[in-house]
Every structure is written in C-alpha cells, then in structure tokens.
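# Tertiary structure, described
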Amino acid sequence: MNNVYIFLDFSNTTNELINNGELNKNLFDMFFNSIIELENICKIQTKLIITTGNNQASAEKILLNLDKGFSEKKRRDILEGIAFEYGGYFLTKEKKVFQLCFSRNNDSDTKNIISLSKEYGCSPINGYKSVLSFEMQNPTQNHINFIKNVKKVVKNSKLVEFNDKYGYGIDIVPKELSKTNFVENFLKDKTLFDFIIVGGDGEEDLNMLNTSFKSKTYFVGFDNCKVAGKNIFLSNKVNIEGITEALHALSNSLIKQQKKDQ
C-alpha cells in the first residue's frame, strides 16, 4: 500500500483543532474521518505533516495535541510531524528535530533589523532559530513605522506580514526557507507515494503546488485563495471545517475518476 503525504498549514487553517491548549475532539473527529474516507477510497496510507511559521516551542505543543488525538484513534501512524519556521526545521513525533537550513545569527539583515527594533521599541519573539518574528497585539503607529522601515532595509530575506484576529506583525524569513522547499526536500528520498495533498490559506501554502511533484499534487483550501484548476478543491468555510469539506470534495472527485477509469 503506497503513501499519500498531506502537508497542511496551521495558522488559520488547522489551528482550531487546538483550543486553549487542548485538542478540540469534535473538530478532530470530523477531520480524522475525512482522512480515513480518503484512505478507504484510494486504498492508500496517509501521512500528515503540519507546516507552520511558528517556532519550536509552538510546534511541540501542536505535536503533543495531535499525537494524542491520533493515538486515541489507534492511528498514530498517520502523523509524521511538524515543519516549523517555514520548513527550516522538522519535528518528528518522536520529538527529534532535523535542521534543514543554515543559521543566520550573523546575517546583515538580522543586524539591521535588530538595530531598528531597538530604535522603535519592538522586541522579536524569543525561541526562533532562523526567523525574526515580531507580533503586536495592539499595534501603535510606532509599530507600523517599524514594519515600514523593515521593508526598506531587508535585502536577503522575504517578509511575511500578517494582520488577522490573532494579531498583527511580520516575520523576516531567510529566502531559502519556504514550505515549497520543505516539501521538495522531504519527498526527495520518498518513492512509494501515489500523490500529495497541500493546503492552507496563504501565498506560502499555494506555493507548495510548485514543486517537481506538481503533476500529482492536489490543493485543499478556501475560496479566498482565489485559485482554480482541476486539482484545486476549495471551501467557503474556513479553518479546519473548510479543510475537512475540501478533503471530502477531493475524495468525491477521486471516486468519479475511478469510475471513469473502470
């Protein structure tokens, strides 16, 4: 039985699975059932990897809750681990961390941004290895000016700006770090897989379509992704309910394709 790898974003995509530090069992059951449906239809073994821009401490909390959920269902084999800091690092369910990027502690961008952060009174979130992350729950004009100036001085990094119900801020990410590169690197030694599924709500997630495995990649996400194609499955719902609905739509499409091929 071949594998199907599922790479799903966390923030705004699957994060409602964890509520106040605890697994939301009702939502998890719904999500789990959609994965089992896919397995039964395609006669495959799914392997789930959660992707996030968050740091290792956050990844460990995500892993703890999801591992508990899959273990209670007696399907711990589904969960592979968490790719954190935009795929720069991978945390396995055995709690081993693999580094997939270089350290940038002495990078010129880092020096310039740290200098700016002191000038504007903004402090990066602790616990990151390669990403500089600034989050402001109640942003002031000073914070906004800081981000404007960060955009001017950055040369060797990409900027991921966010402004949603969870907060306002910016991540300064080494260009080599991306969820796309993570998928590519993760799968390079994998041979026995039928197709892959990627999903999320933002540009970083959509870019996971653009790997050397593009011809056998499906995307699950939300209407606001504004993308279309025969391998794209979107829902008008958001977060984990939308992902679950999109996975159902993918399963139904695969059933129809199987009937055509018979």
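Here is a short report on the structure shown in this document. All of these numbers come straight from a predicted model, not from anything done at the bench.

Tallying each qualifying case throughout the model produces 16 aromatic pairs. Ring geometry for Tyr5 versus Phe193: centroids 6.0 Å apart, planes at 80°, classification edge-to-face. Here Tyr5 is found in strand E1 (residues 3-9), whereas its partner Phe193 is found in strand E11 (residues 193-200), with 188 residues between them in sequence. The buried category is assigned to Phe193, whose relative accessible area is 6%. Ring centres of Phe90 and Phe186 lie 5.4 Å apart, and the angle between their planes is 70°; this geometry places the pair in the edge-to-face category. Pair noted here: Phe90 is in strand E6 (residues 89-92) and Phe186 is in helix H5 (residues 179-187), with a separation of 96 residues, a long-range link. Per residue, the accessibility class of Phe90 equals that of Phe186, and both read buried. An aromatic cluster of at least three residues, connected via ring pairs, comprises Tyr5, Phe7, Phe90, Phe182, Phe186, Phe193 and Phe213.

With that settled, consider the sheet that holds strand E8 (residues 132-136). Pairing between the strands of a sheet comes from backbone hydrogen bonds, and it takes one of two forms, parallel or antiparallel. Read from one edge of the open sheet, three strands run E8-E10-E9, paired in antiparallel fashion. The strands lining the two open edges of the sheet, one partner per strand, are E8 and strand E9 (157-164). On average, each strand axis in the sheet is tilted by 10° relative to the strand beside it, whichever way the strands run. Alignment of E8 against strand E10 (residues 167-174), held across five bridges, turns out to be antiparallel. What sits directly across from Leu132, in E10, is Ile172.

An α-helical segment advances 3.6 residues per turn. Residues three or four places apart therefore align on the same side. Look at helix H4 (residues 141-153): 19 Å from first C-alpha to last across 13 residues, which is about the 18 Å you get at 1.5 Å a residue. Considered for burial, the residues of H4 that qualify are His143, Phe146, Ile147 and Val150. Projected down its long axis, H4 carries its buried residues within an arc of 95°, all on one side. In this fold, the buried residues of H4 make contact with helix H3 (108-120), E8, E9 and E10.

Here the focus is the packing of helix H1 (residues 25-42) against helix H2 (residues 56-72). Relative to each other, H1 and H2 sit at 65°, their axes nearing to 11 Å. Of the two elements, H1 crosses H2, and the hand of that crossing is right-handed. Contact residues: H1 offers Lys25, Phe28, Phe31, Phe32 and Ile35, while H2 offers Leu66, Gly69, Phe70 and Glu72. By residue class, the composition of the contact of H1 with H2 is six nonpolar, one polar and two charged.

What follows concerns the nonpolar core. Grouped together as the largest cluster of nonpolar side chains are 42 residues, with contacts concentrated most on Phe31, Leu48, Phe70 and Ile197. Looking at this core, the element that brings in the most residues is H1, giving nine residues. Ignoring any residue separated from it by four or fewer positions in sequence, one finds Leu48 in contact with Ile6, Leu8, Phe31, Phe70, Ile78, Leu79, Glu80 and Gly81. By size, the runner-up hydrophobic cluster in this structure holds 19 residues, among which are Ile49, Phe186, Phe213 and Ile232.

Definitions and limits used
Residues numbered from 1 in each chain as written. Predicted model: local features only at pLDDT ≥ 70, side-chain atom pairs only at ≥ 80, totals over all residues. Heavy atoms only, no water. Phe/Tyr/Trp six-rings, centres within 6.5 Å; stacked < 30°, edge-to-face > 60°. Helix = DSSP H or I, 4+ residues; strand = E, 2+ residues; numbered from the N terminus. Buried < 20%, exposed > 50% of the residue type's maximum accessible area, 1.4 Å probe, protein only. Pairing = 2+ DSSP bridges. Axes fitted to C-alpha atoms, helices over the stretch in contact; angles between N-to-C directions. Expected span 1.5 Å × (residues − 1). Arc of directions from axis to C-beta. Contact = heavy atoms within 4.5 Å. Left-handed = near helix turned anticlockwise from the far one by under 90°. Nonpolar A, V, L, I, M, F, W, Y, C, P; charged D, E, K, R; others polar. Core = buried A, V, L, I, M, F, W, Y, C linked by side-chain atoms within 4.5 Å.

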